[in-house]
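Chain by chain, the residues run as shown.
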Amino acid sequence: EDVAVSAPFVTAAGVAGAGVVYVFFGSATGLATTPGVTIRGGPADAAFGSSLTAVRWNSTTRSDLVVGEPFGDGGSGAIYVWNGGAAFPTGTTTPASAPRRIVAATTANWFSGSAIGWQLATADHDGDGTDDLVATAVFGNAGGAGAALVFYGGTVPTGTARISDVPAAGSGTAVIRMYEEVGFNLFGYYLHNVGPTTGIADPADDLAVGYAEDGVAGADLKVLRSGGGRPGAAGVARRPFTIGRGG
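Quantities reported herein were computed from a predicted structural model and do not represent experimental measurements.

## Considerations on the packing of aromatic side chains
1) Next: Across all of its chains, the model carries 10 aromatic pairs by this definition.
2) Next: Centroid distance Phe48 to Tyr80: 5.9 Å. Interplanar angle 65°. Geometry classified as edge-to-face. With Phe48 in the loop between β5 (37-40) and β6 (51-55) and Tyr80 in strand β8 (residues 78-82), this residue pair connects regions lying 32 residues apart in the sequence. Of the two residues examined, Phe48 and Tyr80, each falls in the buried class.

Next up, the structure:
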């Protein structure tokens, strides 16, 4: 196995707070003592590497590296995905080398300034056997809401997916579930895959999403159950949280 570690607030190539991710390759004799890949963030204070996870989108046997940069793309945030295997970079590189990038649409919308990629997790949220990517955005709707976003495996295109809560255009084939929480409580500050929670016959992974402002009434933790599977069309589809019901 390989190991990726990050230092999201360090100075990279002379840029303060750009962030760096180091990948140490494993072998039959153990983990390398020096990184095989160094990925240096670009913009100042973008905090590249604030969140890390891995998905198997490009191959069923090799993991793809996913890196969050919540203050990149002008503060809207960005998520980068590098394919595993022979296509994975070596040496020193930048986020521009990622085959997939998820950012907010250029036209103002809920995700503008939202810090996409604050947290990342991998889960099979619809129970189809394919990894889904889960990300949070804590400053959505001009800071008035947070959300957990599920990017369903097999739907996110190569290239740049620009997401918006208004039109689906720009996100290509990406199918995205949006669990939104209105309020200035930083919903999505914490994110975990807690696995199936409704019994042995439950095939889908559920999500635990926490707040930063736990002094606000009701702002503790929500478990988001898969419920009705994935949305039927590309783009961002909201699903309200209802106590006692999946998703």
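## Details of the pattern of salt bridges
1) Next: All chains considered together, the criterion is met by 5 salt bridges.
2) Next: Notably, a salt bridge pairs Asp126 with Arg230, separated by 2.9 Å at the nearest N-O pair. Of the two residues, Asp126 is situated in the loop between β11 (120-123) and β12 (132-139) and Arg230 in the loop between β18 (221-224) and β19 (235-238); the sequence distance between them amounts to 104 residues.
3) Next: Put simply, Lys222 and Glu181 hold a salt bridge, and the shortest N to O gap is 2.5 Å. One end of the pair, Lys222, is in strand β18; the other, Glu181, is in strand β15 (residues 175-182), with 41 residues separating them in the sequence.
4) Next: Since its relative accessible area comes to 17%, Glu181 is described here as buried.
5) Next: Within this structure, Asp126, Asp128 and Arg230 form a network of salt bridges that share partners.

## What about the nonpolar core?
Within soluble globular proteins, side chains that are nonpolar tend to cluster in buried spots.
1) Next: With 25 residues, the main nonpolar core has Ile79, Ile102, Phe111, Leu133, Leu149, Phe151 and Ile163 as its most contacted residues.
2) Next: For this core, the element with the most residues is strand β13 (residues 145-151), which contributes 4 residues.
3) Next: If we skip the residues at most four places from it in the chain, Leu133 touches Thr53, Val55, Trp57, Val66, Ile79, Ile102, Leu120, Ala121, Leu149, Val150 and Phe151.
4) Next: Counting residues in hydrophobic clusters, the runner-up holds 14 residues, among them Tyr152, Tyr179, Val209 and Tyr211.

Reading the values: rules and limits
- Residues numbered from 1 in each chain as written.
- Predicted model: local features only at pLDDT ≥ 70, side-chain atom pairs only at ≥ 80, totals over all residues.
- Heavy atoms only, no water.
- Phe/Tyr/Trp six-rings, centres within 6.5 Å; stacked < 30°, edge-to-face > 60°.
- Helix = DSSP H or I, 4+ residues; strand = E, 2+ residues; numbered from the N terminus.
- Buried < 20%, exposed > 50% of the residue type's maximum accessible area, 1.4 Å probe, protein only.
- Salt bridge = Lys/Arg side-chain N within 4 Å of Asp/Glu carboxyl O.
- Core = buried A, V, L, I, M, F, W, Y, C linked by side-chain atoms within 4.5 Å.
- Contact = heavy atoms within 4.5 Å.

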